[in-house]
Amino acid sequence: MNQSAFPSLKNHFLIALPGLRDGIFTHSITYLCEHDDQGAMGIVINHPLGMEVDEILEQLEIDGHVFEHRDPVFAGGPVHTDRGFVLHRRDHHQWQASIEVTDTVALTTSLDILEAIALNRGPSQCLIALGYAGWDAGQLEEEIQSNTWLTLPASEEVLFNVPSDQKIDAALAILGITFSQLGSDSGHA
């Protein structure tokens, strides 16, 4: 599949269609941070790992850690599950290892952002995940053509403000549909 036939899906959601029953991707919504002719990279944003952000921050032994970070940590994908990824609203602060996804959203992997979060000096809104989802060149496009994923433009409201168990329904509501209306032969929006 020639990737140039597909526009970039950076800053889009991928919603796993009902026919996809592959571990972490079953009933998932993934936020795409990168998508070009080299491949794609995203973070699954609706599968909590059963631990809170404070548990991750406590392991870092940061002096002055304020224990009030009860948001869940997410299983971001099957690649590098031992590494932390912070999706966050962009602000005036420059973190050491960030990629700009949009004018208002970034992905950061450096320790400085976690230290700032522990001290309540981090970004106004963030989502922390362990691991990410990745696709080689042309792989995501093939999966979309075989009706594995529904794609739609991302919403920061869904990304940062909607509880994880409601993210898929909230994203689909933008299209005026529900998950139960999706069949394995659905396409992209």
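Structural data are supplied above this passage.
Okay, so let's go over this structure.

Structural notes on the pairing of strand β8 (residues 105-108)
Item 1. Alternating residues of β8 divide into Val105 and Leu107 and Ala106 and Thr108, and every residue in both groups is buried.
Item 2. In this structure, strand β6 (residues 79-89) lies alongside β8, joined through 4 bridges in antiparallel fashion. Counted as the bridge partner of Arg89 is Val105 from β8.
Item 3. As paired strands, strand β7 (residues 98-100) and β8 are joined by 3 bridges and run antiparallel to one another. Its bridge partner lying in β8, Ile99 is registered against Leu107.

Structural notes on the layout of surface pockets
Item 1. Considered as a void within the structure, the largest pocket measures approximately 430 Å³ in volume.
Item 2. Surrounding the largest pocket, 22 residues form its lining, Asp71, Gln125, Cys126, Leu127 and Phe160 being those nearest its centre.
Item 3. Breaking the lining of the largest pocket down by element, the ones donating at least two residues are β5 (72-75), β9 (126-136) and α4 (156-161).
Item 4. Its residues placed into classes, the lining of the largest pocket shows 12 nonpolar, 7 polar and 3 charged.

Focus on the pattern of salt bridges
Item 1. In the structure shown here, the tally under the stated rule is 2 salt bridges.
Item 2. Of the charged contacts, one joins Glu156 and Arg89 as a salt bridge, the two residues approaching to 2.2 Å between their closest N and O atoms. Here Glu156, found in helix α4, pairs with Arg89, found in strand β6; they are 67 residues apart in sequence, far enough to count as distant.
Item 3. Between Arg90 and Glu100 there is a salt bridge, and its shortest N-O distance comes to 3.1 Å. Pair noted here: Arg90 is in the loop between β6 and β7 and Glu100 is in strand β7, with a separation of 10 residues, a long-range link.
Item 4. Residue Arg90 is classed as partly exposed on the basis of its relative accessible area, which comes to 33%.
Item 5. Taking the relative accessible area as the measure of exposure, Glu100 reaches 42% and is therefore partly exposed.

What counts and what doesn't
- Residues numbered from 1 in each chain as written.
- Predicted model: local features only at pLDDT ≥ 70, side-chain atom pairs only at ≥ 80, totals over all residues.
- Heavy atoms only, no water.
- Buried < 20%, exposed > 50% of the residue type's maximum accessible area, 1.4 Å probe, protein only.
- Helix = DSSP H or I, 4+ residues; strand = E, 2+ residues; numbered from the N terminus.
- Pairing = 2+ DSSP bridges.
- 1 Å grid on protein atoms, 1.4 Å probe; cavity = no way out; pocket = protein on both sides within 12 Å on 5 of 7 lines; lining within 4 Å.
- Points joined across faces, edges and corners; volume = space filled by probe spheres on them.
- Nonpolar A, V, L, I, M, F, W, Y, C, P; charged D, E, K, R; others polar.
- Salt bridge = Lys/Arg side-chain N within 4 Å of Asp/Glu carboxyl O.

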